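What follows is each chain in one-letter form.
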Amino acid sequence: LFFQEFKVALKPDESESENKLDGETASDSESKSEFGGSPPVPTSDDTPEVLNRALSNLSSRWKNWWVRGILTLAMITFFFIIIYLGPMVLMTIVMCVQIKCFHEIITIGYNVYHSYDLPWFRTLSWYFLLCVNYFFYGETVTDYFFTLVQREEPLRILSKYHRFISFALYLTGFCMFVLSLVKKHYRLQFYMFGWTHVTLLIVVTQSHLIIHNLFEGMIWFIVPISCVICNDIMAYMFGFFFGRTPLIKLSPKKTWEGFIGGFFATVLFGLLLSYVMSGYRCFTCPVEFNNDTNSFTVDCEPSELFQLQEYNIPLVLQSVVGWKTVRMYPFQIHSIALSTFASLIGPFGGFFASGFKRAFKIKDFANTIPGHGGIMDRFDCQYLMATFVNVYIASFIRGPNPSKLIQQFLTLRPDQQLHIFNTLKAHLVDKGVLGGSEDA
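Per an unreviewed UniProt entry, the protein goes by the name Phosphatidate cytidylyltransferase and belongs to Pavo cristatus. Listed under Subcellular location (unreviewed entry) in UniProt, the entry text for the protein is "Membrane". Taken from UniProt, the Sequence similarities (unreviewed entry) comment for the protein reads in full: "Belongs to the CDS family."

Quick look at the structure:
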């Protein structure tokens, strides 16, 4: 119904004769570019020439296999490199990926409807992206760099009025949109206004959650992303060799064999990866800003989540494995939940993207990566995964952060600090932690 309404919105004049197709004008009937003609995103063979020559003797099926395989290894190698370079580089890469995904989705809208010459559409889209990023990254800076912000007067003022400034910036864009309204394009302009905001919700908001997950510890960033990558690869492998039963009409190439095989492979991979990473502080410690060195630090005493524990094996399984107990990290148990979501629910992000592409009759969001499509084609499941991880951490993992409380306490006025001290002292005396005035 949404896309039926979307097509109806394409009518430039309500008095057009009804024997035309929905939203079809004289110029549309020539190009047929909206929904039935040539796709707005080019889908030509963009495979590097060196690979074309090397794989020229193979069938198209096996050629696609090798192209995807080689470029997947290249992307995995790049992923390991940026992990090695540290959290700041990771955050920068997340920002770049976010901008590219936004560009790909907005470009689809522009290419489909460019013949209508919508005023300020692209300008306002990028302006709203700037506003939303300013809001989210400003919140992150205030939260994780609190002491640095309070130390610098300009940053302190910006932090104090951050939300008001963000709202004022958004309000400016809102007024610009209203002023850009053209009588014959009212409905279409409002649809594109919604298009931009839904894109911001899907791309910018969830990329912001990825950065929050990173600050909880690089393991919360690496394991979920790796599970999605593993599921994508293993589902393709199982489907390529054993796939017989179609899974969903939105993606005809997806099979039940690939879906189920990818699930078991991803759970096993998640357990192994979690075991390896839980032993290294650089992965398990929260990413914090050191005010003395003005740099990020990932050094801490590992929490119980990353300390080996002994667990009893259920009696039913003891006869099978021959063990009564097993030593493992508690995080490995959480990794089962992460890998299960990545393999059972995460693919629905890909199905959603497939439905979107089919609605506009395009094969890929772009042709940035040969054999894989655009950046959004690779990150359609990652954004859904990022939201789940953030909710999971908030619900089952995260507790009060003493260091942040102390940072905020030290920025208060002396009389406020004294009031909190007396209140805390009275509370500890009531709890029996302090014995009274002699302990004070």
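What about the environment of Trp-256?
Looking at the element boundaries, Trp-256 is found in helix α12 (residues 256-277). You can call Trp-256 partly exposed: its relative accessible area is 40%. For Trp-256 and Phe-238, which are 18 residues apart along the polypeptide, the C-alpha to C-alpha distance reads 9.4 Å. Other than its neighbours up to four places away in sequence, Trp-256 contacts Thr-245, Pro-246 and Leu-247.

Description of the UniProt feature "transmembrane region" (unreviewed entry) in the protein
What UniProt calls "transmembrane region" (unreviewed entry) maps, in this numbering, to residues 120-137, 164-182, 189-211, 217-243, 255-277 and 331-353. Overall, residues 164-182 shows 89% helix and 0% strand. The separation of its end C-alpha atoms is 30 Å. The span residues 217-243 is 93% helical and 0% strand by assignment, and the distance between its end C-alpha atoms comes to 37 Å.

Regarding the pairing of strand β2 (residues 251-255)
The side chains of a regular strand alternate, residue by residue, between the two faces of the sheet. Across two bridges, the pairing between strand β1 (residues 246-248) and β2 is antiparallel. Note on β2: the bridge partner recorded for Ile-248 is Ser-251. Counted between consecutive antiparallel strands, the loop separating β1 from β2 contains two residues.

With respect to empty space enclosed by the protein
Over the atoms a probe the size of a water molecule is rolled, and this reveals where empty space is left. A full pass over the atoms with the stated rule returns two cavities of 30 Å³ or more. The computed volume of the largest cavity comes to approximately 110 Å³. The wall of the largest cavity is formed by 13 residues, among which Phe-121, Leu-124, Phe-177, Gln-189 and Phe-193 lie closest to the centre. Quantified by volume, the second largest cavity comes out at close to 70 Å³. Surrounding the second largest cavity, Ile-210, Asn-213, Trp-220, Phe-221, Pro-224, Ile-225, Gln-382, Met-385, Ala-386 and Val-389 form its lining. At the level of secondary structure, the elements contributing two or more residues to the lining of the second largest cavity comprise α10 (186-215), α11 (218-242) and α17 (375-397). Per-class residue counts for the lining of the second largest cavity are eight nonpolar, two polar and no charged.

Points about the packing of aromatic side chains
As enumerated under the stated definition, the model contains 26 aromatic pairs in all. Ring pairing ties together the aromatic residues Tyr-127, Phe-128, Tyr-170, Phe-177, Phe-190 and Phe-193, which thus form one cluster. Between the NZ or CZ atom of Arg-122 and the centre of the ring of Tyr-110, over which it lies, the distance is 4.2 Å.

Examining the state of the cysteines
Per the counting criterion, the structure on display carries one disulfide. A sulfur-sulfur distance of 2.1 Å marks the disulfide that ties Cys-285 to Cys-300. Its torsion about the S-S bond being -95°, the disulfide of Cys-285 and Cys-300 is classed as left-handed. Here Cys-300 lies in the loop between β4 (295-297) and β5 (309-312) and Cys-285 lies in the loop between α13 (281-284) and β3 (288-290), a separation of 15 residues in the sequence.

Side note on α17
Under the 1.5 Å per step criterion, the end-to-end length of α17 is 31 Å for 23 residues, consistent within 8% with the ideal 33 Å. Its axis deflected by about 30° at Cys-381, α17 carries its strongest bend there.

Considerations on the pattern of salt bridges
The final tally for this structure, using the stated rule, is 10 salt bridges. Residue Glu-153 is joined to Arg-156 by a salt bridge in which the shortest nitrogen-to-oxygen separation is 2.6 Å. Note that Glu-153 and Arg-156 are positioned in helix α8 (residues 153-160) at a spacing of three residues, about one turn of the helix. Taking the relative accessible area as the measure of exposure, Glu-153 reaches 42% and is therefore partly exposed. Arg-156 sits in the partly exposed class, given a relative accessible area of 29%. When the shortest N-O distance is used, the salt bridge between Arg-413 and Asp-415 registers 3.3 Å. When its relative accessible area of 48% is taken as the criterion, Arg-413 is described as partly exposed. A relative accessible area of 45% places Asp-415 in the partly exposed class. In the salt-bridge network here, residues are joined through shared partners; they are Arg-281, Asp-299 and Glu-301.

So, a nonpolar patch on the surface
A cluster of nonpolar side chains, contributed by Leu-58, Trp-62, Trp-66, Ile-70, Met-237, Phe-241 and Phe-242, occupies part of the molecular surface with about 650 Å² of accessible area. Examined against the element boundaries, Phe-241 turns out to sit in helix α11.

So, how was this worked out
Residues numbered from 1 in each chain as written. Predicted model: local features only at pLDDT ≥ 70, side-chain atom pairs only at ≥ 80, totals over all residues. Heavy atoms only, no water. UniProt positions renumbered as here; feature names shortened; annotations may be inferred. Helix = DSSP H or I, 4+ residues; strand = E, 2+ residues; numbered from the N terminus. Buried < 20%, exposed > 50% of the residue type's maximum accessible area, 1.4 Å probe, protein only. Contact = heavy atoms within 4.5 Å. Pairing = 2+ DSSP bridges. 1 Å grid on protein atoms, 1.4 Å probe; cavity = no way out; pocket = protein on both sides within 12 Å on 5 of 7 lines; lining within 4 Å. Points joined across faces, edges and corners; volume = space filled by probe spheres on them. Nonpolar A, V, L, I, M, F, W, Y, C, P; charged D, E, K, R; others polar. Phe/Tyr/Trp six-rings, centres within 6.5 Å; stacked < 30°, edge-to-face > 60°. Lys NZ or Arg CZ within 6 Å of the ring centre and 35° of its normal. Disulfide = S-S within 2.5 Å. Expected span 1.5 Å × (residues − 1). Bend = angle between axes of the 7 residues up to and from the residue. Salt bridge = Lys/Arg side-chain N within 4 Å of Asp/Glu carboxyl O. Patch = residues over 30% accessible without salt bridge, like charges linked within 9 Å, V, L, I, M, F, W, Y side chains within 5 Å. Areas by Shrake-Rupley, 256 points an atom, 1.4 Å probe, with all protein chains shown as cover.

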